[in-house]
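Residue-level listing of the chains:
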Amino acid sequence: MKATFSPRALAAAVTTLLALSGAAHAGDTFLAGIKKHMVLTNTVPDNGDQNPYAIAVSPITAGKLKAGDVLVDNFNNAANLQGLGSTIVNYRPDSKEMTLFAQIPRTLEQCPGGVGLSTAMTVLKSGWVIVGSTPSNDGMTDTKGAGCLMVLDTNGKLVDVWSGPDINDPWGNMAVIDNGDKVTLFVSNAGFGVGSAKGTPPVVNLATVLRLDIEVPAGQPPKVLKRTVVASGFGEQADKSVFLIGPTGLVYGKDDKLYVSDALGNRISEIWDAASRDTSAGIGRTLTHDGLLLRPLALTSTPQGHLLATNGSNGKVVEIDPATGEQLAARWIDANKAQTPPGSGDLFGIAITPQGDGFYYVTDDNNNLVLAK
Amino acid sequence: MKRSLPPHARRLLSCAIASGLLLAGMARAEQSAGNDINPADVPEVDQAIKAKPDSQWTGWWNRSTLLGDMGGLRSALGRQGITVGLTESSEYLRNVSGGLQYGGQYQGLATLTLGLDTQRAGWWDGGSFNVSVLDIHGKPFSGQYVGSIQTASGIEADRASRLWEAWFQQQLNGERLDLKLGQQSLDQEFMVSQYGSLFMGTMFGWAAVPSADMPAGGPAYPLSGLGARLRGKIGDNITVLGGAFAGDPTRDVSQNPSDPQQLNKYGTTFSRHGGTLFIGELQYGRNLPSNGALETPRPLNGVGGLPGTYKVGFWYLNQKTPDTRWDVNGQPLALNLAGPQMHEGNYSIYAVADQTVWRPAEDSSKTLNVFARAMAAPGDRNLVSFSANAGITLTAPFAGRDNDIAGLAVGYVKVGNHQAGNDLDNGIANGNPLYPARGDETQIEATYQYQLTPWWQWQADLQYVRNVGAGASATPSDYTSTQKIPNSWVVGLKTTITF
C-alpha cells in the first residue's frame, strides 16, 4: 500500500527529527550536565571595589591560600570607575567565607598608569599569584596607562612588577603551562594605540598575545627569561561602556595550540606552535565564528577538552569543540533583562572547578560569584 | 617632561602618536602576515602615563552617580546590606498655544530610596526592605494651564514631602516566588510599559483609567497603599503577579475629592479603608531568555528573535461605586438632589505589549521598539471608560549616542457614557443646551532623551492635546459655557540627576 504524506506533515516530521538530533547533541555537552546556578558570595570588599573580572582557582595551600580557593579581582573602584579597582578577594568554598586577599596600591610607581585589575590573573603551582593591570585615572581610556603584570606572594604581598614596551593593558585571562619551576604564561595585551572612547572610536588592529617564559627558583619570586609576541594584529577598541574591547580569553590546548577569543572579530582563533614559536602568527586561524558567539571574552577548558567562552554582549556561555570548531551549545547564565541583549556586559571571568563538575563565573551587574554545576 | 606639557599639546602628541600607530597598523595590514610589526617596537604614549591618586571626585564626569561612593559612605553602608538612592527630576513645561491659558510652570521631584538586603546584613536569605521618600516642589502645571485629562507630566502632584513606599519583600522559593508586604505604589509593577516609560506624560506611566477611576487615583504616585503582592514565575517565560490592597489610599476620598492628596499629606495615613482593591497580571516574555536555558547551535550569523513582553491584567474594587449619571430613582443626578445609584464594585481589564521590531545586529544598542496599552472600565460608573497609549521609540538614534532615546507616542481617553450624559443633563439643568458634553481626548507626544553623563539626563518634549479635557467647557473663560477648551501645544524640558 502506498503511503502518502502531505508536505506540511513531512516538514513537521523533518523539523521534529532535527530538533531531536539537536537535543541529543546538546545532551553530550558539558553544559547539558549543569543543573543549577548558586550565588556563592558578593565580591565587593570593604573598600567598595566593584566589577569582578578575573577568576583563578588556587592549586596550592600556602600562606593565605588554600587549595580550591577562588580568587576574584575587581576592575572598578567604589565609585564604579573602570580601571581603578585594586583588590583581590578570596572565596573559600568549604567555609563559604569571603576575605580580602590583596589590596594593591593604586598608584604603583612601577606600573605605568597605576593599578586597575583586569581579567588577567593566575595562581601558579608554586603559589605565586600573577595579575594584570589595565589602569585608568578617570574610568575612561582617555587617561589609561600601559599597565603591567604584578607578582604577589601567597599572602597577597606584592613582590615584583613586570612592565615594558611589549606590555600594554594585559587584559585577558591567562593561559599557563605550569611545570613548577618552569612556567609558560600567555597574556593578551589590548591597549596599544587605543585612544579616547568619545564619538565612534576606531578599531585598532594592534592587540597582541605575549608569551612569557618564566623560571621559578625555589623560594624565589618568578623571573621572566624570555618575552615573545606569539600573536598580533587582533582588533581592539575603546568603549564608553566597557572601557575597551579586545582579545580576552586564552586557553592552551592539545597539539601546542593556543586558543584566543577575538572579541571584535566575534571568533575564536587558534595559534599553532604557541609554546615554541619565535615569531608572531598574526591573528592565527579561525576556529569558529559568529553563531552562538556574541563578543566572546574569557575562555576556559572543560575536563573533556571543550572550550567554554563567556559572551560579552549577552549573558551566555558557549561550548565549543576545539577539534572541529563546532559550537555545541550555549547556556544563559545571566539573563538580566535590564540590559540589551539580556546580560550584556555582565560576564567576564570563568574557571572550571577543581573537581571538573562545574564552573565558577562572575556577574558584574550585581558583583556576585556564582557556581554552576 | 611627561606631565609638563599643556593639555592641548598632550592631546596633539597623543593624536600624532595614535595616528602614527594607525598608519603603522594600516601599513602592516598591507604586508604579509609574516611581516607583522611588533607593537613593542613602536613608541607607546601609555608608558608615560602615571597614576593619579583617586579621591571622592575622581572621574566625576564618567561615573554612574554624581556623588560616587560618597567618600566611602555608600560602600560602608553596602557592607551592611544598605543601599541609598537619590534622584532629582526637574522640569519646566510651558503651554504655548490653546489650553486654559498661556504660561509655564516649574516642578521638581526628589526621591530618596533606602534598601536593606537581609542576607548582606547577616540575617536571613532572600529578604529586602525598601523605604522611599518624596519631596515634590514647584507647582503642578496641567490643571492651571492646559485642562487636560492626560496631564503633561508624570511628576505633577501637590507640593509636599511625603513617605512614598515602605515594604518588605521575601523570596519564598529561590527566584520563583516572592511576597511583598506593606505600603506599595502599584505603578512600579502593574500595567508597566517598558518603552512607554520614556514619555513625560503621566498616562504613559499610571494610565488614565486607574488614575481617573480609582479612589484618589489609586495606590500610585504620589500615594501608595497598604497591601500584599505575590509574584510567581511559571516556566521560563510566564510570570503571574497579584495582590490585594486598601481601596482608598486617603482613607476617605469623599472628604476632599478635588484634591485628595491633601487627605494623606505626609504619606503616613496607612489607610485600610475604601474596600479592597484586587489586582492581577499575567506576563509573557517572548524571546526573553531565563537563567539556565540551554540553546543548541544555530547557523553561523544566525540572529535570535527580537524580545517582547505581553501582559494582561485586571483590577477589581469591592467598594460600592456611584453611578455617574443616574440617581437612586433612575433620574438624572443633574436634575435631582437624590443620591446616586450605587454599583457593586468597580473593575477594569487591561493589556500591555512591548516589542522590539528592529535591531541591526544582536548586540546593537540601536533598537526600534513599539508599545501599546489599552484598558477599559464600565462607562456607567467611571469618568474614563477607555484609555490607550501607543508609541514607538528608537534607542541610540545617532552614532556615538548609545544611551539616547527618541520617541513618538499617542494617548487616548474616552469619557464614560454616563459621565457624558451627565454633562448633557447639566446643560439642560442650567438652561444651556449647547453646554459641551465630554467625549474623548487625544494627546500626542514627541520626545528626545539625551544622556549627558551616566548620571545626568536631559529630555526635550513637545505635546499636542486635541479636544482638551475630552471637550470640556472652557468655563470660566467662556461666559456662555458653550465653547470647548482650545487644542493645546506644550513644550517642555526635563533634567534628571542621579546622586
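Residues numbered from 1 in each chain as written. Chains lettered and ligands numbered in written order. Predicted model: local features only at pLDDT ≥ 70, side-chain atom pairs only at ≥ 80, totals over all residues. Heavy atoms only, no water.

Caption draft 1: View of the overall build of chain A. A count of helices and strands for chain A gives one helix and 25 strands. A compact globule built from 373 residues should have a C-alpha radius of gyration of about 21 Å, and chain A, at 21 Å, falls within 12% of that. Along the first, second and third principal axes, the C-alpha atoms of chain A reach 85 × 45 × 40 Å. Looking at chain A as a whole, 65% of its 373 residues are labelled buried. Taken as a whole, chain A presents about 12,500 Å² of accessible surface, with 53% of it coming from carbon and sulfur. Both charge centroids of chain A, one from 29 positive and one from 35 negative side chains, sit 5 Å from each other. (Helix = DSSP H or I, 4+ residues; strand = E, 2+ residues; numbered from the N terminus. Rg over C-alpha atoms; globule rule 2.2 N^0.38 Å. Buried < 20%, exposed > 50% of the residue type's maximum accessible area, 1.4 Å probe, protein only. Areas by Shrake-Rupley, 256 points an atom, 1.4 Å probe, with all protein chains shown as cover. Lys, Arg positive; Asp, Glu negative; His and termini not counted. Charge placed at Lys NZ, Arg CZ, Asp CG, Glu CD.)

Caption draft 2: A look at the interface of chain A and chain B. Of the residues lining the interface, 72 residues belong to chain A; the matching set on chain B comes to 48 residues. When residues of chain A are sorted by the area they lose upon contact with chain B, A:Asn137, A:Leu206 and A:Trp332 head the list and together hold 11% of the total. For A:Asp46, the salt bridge is made with B:Arg79, and the minimal N-O distance between the two is 3.4 Å. One can count 22 residue pairs in polar contact (both at pLDDT 80 or more) joining chain A with chain B. For the side of chain A that touches chain B, the elements supplying multiple residues, two or more each, are helix H1 (7-27), strand E1 (37-42), strand E12 (204-215), strand E13 (223-239) and strand E22 (326-332) of chain A. With six residues, E22(A) is the largest single contributor of residues to the side of chain A that touches chain B. Each residue belonging to the side of chain A that touches chain B can be placed in one class, and the counts come to 29 nonpolar, 31 polar and 12 charged. Here E22(A) pairs with strand E9 (residues 294-295) of chain B via two bridges, running antiparallel. Each bridged residue has a counterpart across the sheet, and for A:Ala330 the counterpart in E9(B) is B:Glu295. (Contact = heavy atoms within 4.5 Å. Buried area = accessible area lost by both parts, 1.4 Å probe. Salt bridge = Lys/Arg side-chain N within 4 Å of Asp/Glu carboxyl O. Polar contact = N/O pair within 3.5 Å; in protein donor to acceptor, adjacent residues only side chain to side chain. Nonpolar A, V, L, I, M, F, W, Y, C, P; charged D, E, K, R; others polar. Pairing = 2+ DSSP bridges.)

Caption draft 3: Structural context of helix H5 (residues 417-429) of chain B. The terminal C-alpha atoms of H5(B), which comprises 13 residues, lie 18 Å apart, in line with the 18 Å expected from a rise of 1.5 Å per residue. Residues B:His418, B:Gln419, B:Ala420, B:Gly421, B:Asn422, B:Asp423, B:Asp425 and B:Gly427 constitute the buried set of H5(B). (Expected span 1.5 Å × (residues − 1).)

Caption draft 4: The pairing of strand E16 (residues 258-262) of chain A, seen in detail. Residue and element names in this part refer to chain A. The element E16 is extensively covered by neighbouring structure, given that five of its five residues are classed as buried. Side-chain alternation along E16 places Leu 258, Val 260 and Asp 262 on one buried face and Tyr 259 and Ser 261 on a second face that is also buried. The antiparallel hairpin formed by strand E15 (residues 250-252) and E16 contains five residues in its connecting segment, where Asp 255 sits at a positive phi of about 55°. Bridge analysis of E16 against strand E17 (residues 267-271) gives five bridges, and the strand direction is antiparallel. Across the sheet, Asp 262 pairs through a bridge with Arg 267, a residue of E17. Where E16 folds back onto E17 in an antiparallel hairpin, the turn is made up of four residues, including Asn 266, whose phi is positive at roughly 50°.

Caption draft 5: Representation of the pairing of strand E11 (residues 321-327) of chain B within the structure. All names here are of chain B. Counting buried positions along E11 yields five of seven residues, so the element is predominantly enclosed. Across three bridges, the pairing between E11 and strand E12 (residues 340-343) is antiparallel. Looking across to E12, one finds that Pro 322 is bridged to Met 342.

Caption draft 6: Expanded view of the sheet that holds strand E23 (residues 347-352) of chain A. All names here are of chain A. Strand order in this open sheet of four strands is E1-E25-E24-E23, and the pairing throughout is antiparallel. Of all the strands in the sheet, the pair left with one neighbour each is E1 and E23. Neighbour to neighbour, the strand axes of the sheet diverge by 25° on average, direction disregarded. Note: E1 against strand E25 (residues 368-372), five bridges, orientation antiparallel. Its bridge partner lying in E25, Asn 42 is registered against Asn 368. (Axes fitted to C-alpha atoms, helices over the stretch in contact; angles between N-to-C directions.)

Caption draft 7: Seen up close, the nonpolar core. If you look at the biggest cluster of nonpolar residues, it comprises 25 residues, and the most contacted ones within it are B:Leu186, B:Phe190, B:Met191, B:Ile279, B:Trp315 and B:Tyr350. Among residues more than four places away in sequence, those in contact with B:Phe190 are B:Trp206, B:Arg229, B:Leu241, B:Gly242, B:Gly243, B:Ile279, B:Glu281 and B:Tyr350. Counting 21 residues, the second largest nonpolar core, distinct from the first, contains A:Val70, A:Val72, A:Tyr360 and A:Val362. (Core = buried A, V, L, I, M, F, W, Y, C linked by side-chain atoms within 4.5 Å.)

Caption draft 8: Structural view of the side chain of B:Asp248. Residue and element names in this part refer to chain B. As for its position among the elements, Asp 248 is in the loop between strand E7 (238-246) and strand E8 (276-286). Among buried charged residues, Asp 248 stands out as having no salt bridge; its nearest opposite-charge side chain is Arg 251, 8.7 Å away. Only 2.7 Å separates the side chain of Asp 248 from the side chain of Thr 250, close enough to count as a polar contact.

Caption draft 9: Molecular detail of the sheet that holds strand E5 (residues 97-103) of chain A. Residue and element names in this part refer to chain A. With antiparallel pairing, the four strands of this open sheet are ordered in space as E2-E3-E4-E5. Across the chains shown, the open sheet's two edge strands, defined by having one partner strand only, are strand E2 (50-57) and E5. This sheet shows a mean twist of 30° between the axes of neighbouring strands, independent of strand direction. Where E2 lies against strand E3 (residues 70-76), five bridges are found, and the strand directions are antiparallel. Residue pairing across strands places Gln 50 opposite Asn 76, the latter belonging to E3.

Caption draft 10: Examining the state of the cysteines more closely. Residues and elements named next belong to chain A. In the structure shown here, the tally under the stated rule is one disulfide over all chains. With its sulfur 2.0 Å from that of its partner, Cys 111 forms a disulfide with Cys 148. When the S-S torsion is -100°, as for the bridge of Cys 111 with Cys 148, the disulfide is left-handed. Of this pair, Cys 111 sits in the loop between E5 and strand E6 (117-123) while Cys 148 sits in strand E8 (residues 148-152), and the two are 37 residues apart along the sequence. Assessed through its relative accessible area of 2%, Cys 111 is described here as buried. (Disulfide = S-S within 2.5 Å.)

Caption draft 11: Region of the structure containing the packing of aromatic side chains. All chains considered together, the criterion is met by 22 aromatic pairs over all chains. For the pair A:Phe186 and A:Tyr252, a centre-to-centre distance of 5.9 Å together with 10° between the ring planes defines the contact as stacked. Remark: A:Tyr252 occurs in strand E15 and A:Phe186 occurs in strand E11 (residues 182-189); sequence separation between them is 66 residues. When its relative accessible area of 0% is taken as the criterion, A:Phe186 is described as buried. Between B:Phe398 and B:Tyr448, the aromatic rings sit 6.1 Å apart at their centres with planes inclined by 40°, giving tilted as the arrangement. Here B:Phe398 is found in the loop between strand E15 (384-395) and strand E16 (405-415), whereas its partner B:Tyr448 is found in strand E17 (residues 440-453), with 50 residues between them in sequence. B:Tyr448 gets classed as partly exposed once you look at its relative accessible area, which sits at 23%. Grouped by ring-pair contacts, the aromatic residues A:Tyr53, A:Phe75, A:Trp171, A:Phe243 and A:Phe348 constitute a single cluster. Here A:Arg277 stacks its cationic end above the ring of A:Trp272, 5.2 Å away from the centre of that ring. (Phe/Tyr/Trp six-rings, centres within 6.5 Å; stacked < 30°, edge-to-face > 60°. Lys NZ or Arg CZ within 6 Å of the ring centre and 35° of its normal.)

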